[in-house]
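Each chain, written out:
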4 protein chains.
Amino acid sequence: SRFEYVRTYEQDQVLLPNTYIVIRLDGRGFHRFSAHYGFAKPNDSRALNLMNKSAVSLMKQISDVCGAYGQSDEYSFVLQRRCRLFDRREAKLVSTFASTFTAYYQFYWHDYFPDQPLVASMLPSFDARAVQYPSLAELRDYFSWRQADCHINNLYNTSFWTLIIKGGQTEKEAEHTLMGSNSADKNELLFSRFGINYNNEDAMFRKGTMLIRDISGAPLQTQNPSQKDHIALQKKSKRQVEREEKKRNKAEIVESHDDIIGDNFWRESYKWLS
Amino acid sequence: SRFEYVRTYEQDQVLLPNTYIVIRLDGRGFHRFSAHYGFAKPNDSRALNLMNKSAVSLMKQISDVCGAYGQSDEYSFVLQRRCRLFDRREAKLVSTFASTFTAYYQFYWHDYFPDQPLVASMLPSFDARAVQYPSLAELRDYFSWRQADCHINNLYNTSFWTLIIKGGQTEKEAEHTLMGSNSADKNELLFSRFGINYNNEDAMFRKGTMLIRDISGAPLQTQNPSQKDHIALQKKSKRQVEREEKKRNKAEIVESHDDIIGDNFWRESYKWLS
Amino acid sequence: SRFEYVRTYEQDQVLLPNTYIVIRLDGRGFHRFSAHYGFAKPNDSRALNLMNKSAVSLMKQISDVCGAYGQSDEYSFVLQRRCRLFDRREAKLVSTFASTFTAYYQFYWHDYFPDQPLVASMLPSFDARAVQYPSLAELRDYFSWRQADCHINNLYNTSFWTLIIKGGQTEKEAEHTLMGSNSADKNELLFSRFGINYNNEDAMFRKGTMLIRDISGAPLQTQNPSQKDHIALQKKSKRQVEREEKKRNKAEIVESHDDIIGDNFWRESYKWLS
Amino acid sequence: SRFEYVRTYEQDQVLLPNTYIVIRLDGRGFHRFSAHYGFAKPNDSRALNLMNKSAVSLMKQISDVCGAYGQSDEYSFVLQRRCRLFDRREAKLVSTFASTFTAYYQFYWHDYFPDQPLVASMLPSFDARAVQYPSLAELRDYFSWRQADCHINNLYNTSFWTLIIKGGQTEKEAEHTLMGSNSADKNELLFSRFGINYNNEDAMFRKGTMLIRDISGAPLQTQNPSQKDHIALQKKSKRQVEREEKKRNKAEIVESHDDIIGDNFWRESYKWLS
Ligand SMILES: Nc1nc2c(ncn2[C@H]2C[C@H](O)[C@@H](COP(=O)(O)OP(=O)(O)OP(=O)(O)O)O2)c(=O)[nH]1
Ligand SMILES: Nc1nc2c(ncn2[C@H]2C[C@H](O)[C@@H](COP(=O)(O)OP(=O)(O)OP(=O)(O)O)O2)c(=O)[nH]1
Ligand SMILES: Nc1nc2c(ncn2[C@H]2C[C@H](O)[C@@H](COP(=O)(O)OP(=O)(O)OP(=O)(O)O)O2)c(=O)[nH]1
Ligand SMILES: Nc1nc2c(ncn2[C@H]2C[C@H](O)[C@@H](COP(=O)(O)OP(=O)(O)OP(=O)(O)O)O2)c(=O)[nH]1
Ligand SMILES: O=P(O)(O)OP(=O)(O)OP(=O)(O)O
Ligand SMILES: O=P(O)(O)OP(=O)(O)OP(=O)(O)O
Ligand SMILES: O=P(O)(O)OP(=O)(O)OP(=O)(O)O
Ligand SMILES: O=P(O)(O)OP(=O)(O)OP(=O)(O)O
Ligand SMILES: [Mg+2]
Ligand SMILES: [Mg+2]
Ligand SMILES: [Mg+2]
Ligand SMILES: [Mg+2]
Ligand SMILES: [Mg+2]
Ligand SMILES: [Mg+2]
Ligand SMILES: [Mg+2]
Ligand SMILES: [Mg+2]
Ligand SMILES: [Mg+2]
Ligand SMILES: [Mg+2]
Ligand SMILES: [Mg+2]
Ligand SMILES: [Mg+2]
């Protein structure tokens, strides 16, 4: 039709080839959402497991995702450097991830909150953004950033709610008690006043959840990006691409709640970061 | 933490101020999705009404949306020129719209398809994109483009499925019958062979659905963008903004299935395009 | 060659269709540059006329430029909404304008500074940026912004240097004298202490320089952007485009030093903004 | 002023941190330009040396440039991964490089073409673009791409002009003679018909010109980008940055005309790619 020229106003933002793409989703207004559905404080295992279930489901559907890290109301998905999903168009990526995750979260809601039916005025939704990292060093630092954030928030929240629930303080008082305290102080406070060894708290609360697609059983041909690989990349036959995708689809998604800041975790990154 | 520098790799794509923003959502793989859940062919009123319900719900939640147009598995939402939602950050906009629409679609699914429970392996999801139009002329052409697309597809699909269902043709034969036919030919075919006056078909099928937020009852202070307005824009007090938002929230969402290509519809655009 | 894939990493930033594009150039380090070549203070007519000469030359070469405004070490060029130059690729536009302007500035240098040969360690160069404005109101405000900037700087500089040159103050003292003074104060100071009526100062110093390509003698077919025009735009024959370009090439470049903030100037904008 | 809001329409395109940035300049319309000033065919040493002189001058002025490669009417400059020049703003980078190079090219013109004064209607100008490469492998392929391009064009041009100048063919005939010939054919043709050993042709013609800033004598503290470096990067004191800049400024710019496709050249890349 004579109106089709309006199509030319669409401007695709295309992400740079050969960077790691991280897509981070975050629950919209989960402060209110968690209050409305009575999430346990500071951590609700049902809520976190629902997040994990949704993330695993998404990873099973979208095989370009190598790994993911989740904590609180957020999840970060990492796409392999070579990923060509949606030709790396940013809007397609972030909208599809946000939509897909939302669909799973709502679908599985009942399994985790059987007594709390969702109501129309308070449905879960997530925003999403895509970030590019040119090298593995930065990708690693990205994950460290999120886990450090998890640690700091959780140590604070654990102390805060312990002071309230077990210590009988008001929220104001608890805030005041913790003001200016560092990590050691909080550990000490939990232990000396409440007999709580923070390190014995649930690892999922303290460390968040790491999901990897374990392709070590089904090794793919692709290795580190090098000159030859790039050319290979251009020429990979459709069949090759499909075969690899099938392998990725079959690979297991492995969940863990360990430290991802230290070297240990990254020594085994060949397992999931092809 | 020492990892926070990774934050600086986030590059917000910000849409130009004072353009109309159109956010178009489109169902992912609805060819398969509609087949799986047995959508009526070529048009399923339940499916279209569910789309409309979801769009109205989204508009009630996000008051920056002035109007929307839907057909098939897609919906286009238009934001007012002055819209500051998410500071016009593209990823926030498209991901939030995709997520929110998905949530409503799934939530209301049961109301429209009570006999077809959703299954985990076939959940509805939507991609989204944002397009900017600098002037009203182009925004209008955008809507005309979508409605013309609706018309062309629907006339074809109606003819196609009539040939099969009423005419007893196979899909191959119907395709062959219609090859090279123009609009007049198809109208003629429907009428002479099947006694169907295409213009009597359901207006929602032929014209799609237009939703406007009717603010004519509650006129806002904002007018055409002019020098003074811009300055006003900068200086609008928080209270003013909130007052306007309240008005927008109260305004009714009006549904219609009329021609939006001709002048008539646009003569009344003051009602919804402030 | 097998290396050509690197080409795919080029990401063109394309400006939105149908917006006014303003390309602003600004002299790099002209504080030092003007000192090195002994520019008169606060205004050097030679320098300003050389800027104007370069801008006129650029406009003669690049016919998509409708008008331009210059002051101090900067020049802003406005491209017509429909402009397709370099397919609106931003990097092409800003680099070409910067390069072309630099070439003229250096070429004509000798005509304006015959006694000050350029030296390799202090060559003139300019950065450039492209800004998009969706409507005429904003384009007008853009020009007003630059002229207001010219006025404020020039009134200050004129007062400052008069205090020094005629008033015998040091730079420190002059700065101190002017601290906290408004426009009226400065006008008064110039008049009462030095008998200078600021309004009698050279208009080029006070108002800057406006250049328009006067196409009123050779009217082009293109009018306000409207639905029909857009379609026309798509279909314009190569010959039509070339004919228009020829007309634009022949059109005179008219220089003025008048107020461009008030309505008067814009009433006649049909002359140059097609 | 009340017009300043127009400033908010400026949208900086910022290049991703920690990628190699290549800025490629290319002469605008050098087909005509070279004809107008009588460049020797197929290669004019004066023209190429002027390009080199301009590139070296630019590198001396802008110390963030590590290396550069030039051939024909183009030059590619590579910035170190950590480069913060203009905060990596694309428009600033491309416009400044284009302007600066243009200024040097024109300034030194007389030294290389003393008998061919520039005329106003035919001044040299250059466009520029910025391309990002996430890894060294791609950066290397980029340089290989440009040198392979140089080789292919130069072998063709040498054969073409030899057929004309020494072989007495017309341009049409020469084109016809070379149609479908591969590299070996052209080498053979040059040798058997004209006694020309292509490998004895001027290396600058065959290989182009590589310029590196040799920092091996003045080693900087910066190494491969790693986790620690990134943090270091954030915290580098102003003084440290200035000291490094000084070292870079003192480092020699080394010119060569060798193969840059094989491994040899890249083995020594520590010398210039910090
Ligand atoms: N009680 C409880 N709250 C949780 C849990 N996980 C997350 N939340 C809440 C705590 C925070 O208020 C909120 C996450 O913080 P955000 O910074 O994402 O803020 P919020 O989602 O409210 O706003 P946003 O739309 O993301 O800007 O979710 C949980 O397991 N239990
Ligand atoms: N039977 C039936 N099908 C419908 C109805 N509305 C939409 N569809 C189907 C017809 C098309 O196959 C599909 C919409 O076409 P699209 O171009 O959006 O393709 P699809 O969603 O399959 O793929 P995509 O992920 O958007 O690229 O949805 C309906 O009311 N009834
Ligand atoms: N004496 C004298 N100086 C002038 C004249 N026109 C411009 N300038 C100088 C005054 C300012 O120091 C400078 C323009 O200010 P800018 O803000 O553009 O700064 P500058 O070019 O030094 O740095 P930049 O590279 O643009 O950030 O040029 C003139 O006619 N006479
Ligand atoms: N005779 C002669 N011509 C040269 C020499 N170096 C470059 N040229 C000419 C040959 C080509 O026609 C032209 C470079 O080709 P380009 O693809 O850059 O095209 P051109 O600059 O004409 O157009 P453009 O504005 O870059 O699209 O410059 C030389 O040393 N001698
Ligand atoms: O999705 P299609 O096939 O209708 O066409 P499109 O939406 O223009 O394509 P894309 O979704 O890839 O932008
Ligand atoms: O959402 P917040 O407040 O945790 O912080 P953010 O996600 O960095 O902010 P934004 O969502 O606006 O990018
Ligand atoms: O300029 P050309 O024709 O050599 O090819 P290009 O540089 O790739 O094209 P463009 O300058 O338009 O990016
Ligand atoms: O260059 P300045 O200092 O006048 O200010 P600016 O031009 O707004 O800053 P930049 O050149 O960095 O965009
Ligand atoms: Mg957020
Ligand atoms: Mg949140
Ligand atoms: Mg959060
Ligand atoms: Mg699509
Ligand atoms: Mg679809
Ligand atoms: Mg569709
Ligand atoms: Mg500046
Ligand atoms: Mg300047
Ligand atoms: Mg300036
Ligand atoms: Mg080119
Ligand atoms: Mg060229
Ligand atoms: Mg070239």
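Residues numbered from 1 in each chain as written. Chains lettered and ligands numbered in written order. Predicted model: local features only at pLDDT ≥ 70, side-chain atom pairs only at ≥ 80, totals over all residues. Heavy atoms only, no water.

Turning to the sheet that holds strand S5 (residues 209–214) of chain C, a few remarks are in order. Residue and element names in this part refer to chain C. Read from one edge of the open sheet, six strands run S4-S1-S3-S2-S5-S6, paired in antiparallel fashion. On the outer flanks of this sheet lie strand S4 (126–133) and strand S6 (252–256), each paired with one strand and no other. Averaged over all neighbouring strand pairs, the angle between strand axes comes to 20°, with direction disregarded. Pairing geometry for strand S2 (residues 65–71) and S5, over four bridges, is antiparallel. Bridged to Ala-68 within S5 is Leu-211. The strands that helix H2 (residues 45–61) touches are S2, strand S3 (74–79), S4, S5 and S6; relative to S5, the one it contacts most, it runs at about 20°. (Pairing = 2+ DSSP bridges. Helix = DSSP H or I, 4+ residues; strand = E, 2+ residues; numbered from the N terminus. Axes fitted to C-alpha atoms, helices over the stretch in contact; angles between N-to-C directions. Contact = heavy atoms within 4.5 Å.)

Our focus in this paragraph is the site of ligand 3. All names here are of chain C. The full set close to ligand 3 counts 15 residues, and Asp-26, Gly-29, Phe-30, Asp-44 and Asp-73 are the nearest of them. His-31 places a polar main-chain atom, nitrogen or oxygen, 2.9 Å from an oxygen atom of ligand 3. In the environment of ligand 3, an oxygen atom lies 2.9 Å from a nitrogen or oxygen atom belonging to the side chain of Asp-73. Against a free-state accessible area of 630 Å², the protein chains account for coverage of 65% of ligand 3. Within the residue set of the shell around ligand 3, elements represented by two or more residues are strand S1 (20–27) and helix H1 (30–36). At three residues, H1 tops the list of elements feeding residues into the shell around ligand 3. Its residues placed into classes, the shell around ligand 3 shows four nonpolar, six polar and five charged. (Near = heavy atom within 4 Å. Polar contact = N/O pair within 3.5 Å; in protein donor to acceptor, adjacent residues only side chain to side chain. Areas by Shrake-Rupley, 256 points an atom, 1.4 Å probe, with all protein chains shown as cover. Nonpolar A, V, L, I, M, F, W, Y, C, P; charged D, E, K, R; others polar.)

Turning to unusual backbone geometry, a few remarks are in order. Across the junction of C:Lys41 and C:Pro42, the peptide omega takes the value 0°, indicating a cis bond. For C:Pro42, the location among the structural elements is in the loop between H1 and H2. You will see that B:Arg88, though not glycine, has its phi angle at about 60°, which is positive. The class of B:Arg88 is buried, set by a relative accessible area of 2%. The phi angle at D:Ser72 is positive, at roughly 50°, despite the residue not being glycine. Inspection of the secondary structure assignment puts D:Ser72 in the loop between strand S2 (65–71) and strand S3 (74–79). (Buried < 20%, exposed > 50% of the residue type's maximum accessible area, 1.4 Å probe, protein only.)

Least-squares fitting of chain B to chain A yields an RMSD of 0.0 Å, with the superposition described by an axial translation of 0.0 Å and a rotation of 180°. Here the two chains are linked by the operation of a two-fold rotation axis. The residues that chain B uses at the interface reappear at the interface of chain A in 100% of cases, marking a shared surface. (Least-squares fit on C-alpha atoms with pLDDT ≥ 70 in both.)

A separate point is the coordination of the magnesium ion (ligand 14). Residues and elements named next belong to chain B. Protein-derived ligands of the magnesium ion (ligand 14) are Asp-26 (OD) and Asp-73 (OD), with the metal-ligand distances lying across 2.1 to 2.2 Å. Taken as a pair, the magnesium ion (ligand 14) and the magnesium ion (ligand 13) show a spacing of 3.5 Å, with Asp-26 coordinating each metal. Here Asp-73 lies in the loop between strand S2 (65–71) and strand S3 (74–79) and Asp-26 lies in strand S1 (residues 20–27), a separation of 47 residues in the sequence. Assessed through its relative accessible area of 23%, Asp-26 is described here as partly exposed. On the basis of relative accessible area, Asp-73 is assigned to the buried category, the value being 13%. (Donors = N, O, S within 2.8 Å, 3.2 Å for Na, K, Ca; no water.)

Residues and elements named next belong to chain A. Under the criterion given, the structure shown has zero disulfides over all chains. With no disulfide of its own, Cys-83 lies 8.2 Å from the sulfur of Cys-66, the closest cysteine sulfur. On the accessibility criterion, Cys-83 (1% relative accessible area) is buried. (Disulfide = S-S within 2.5 Å.)

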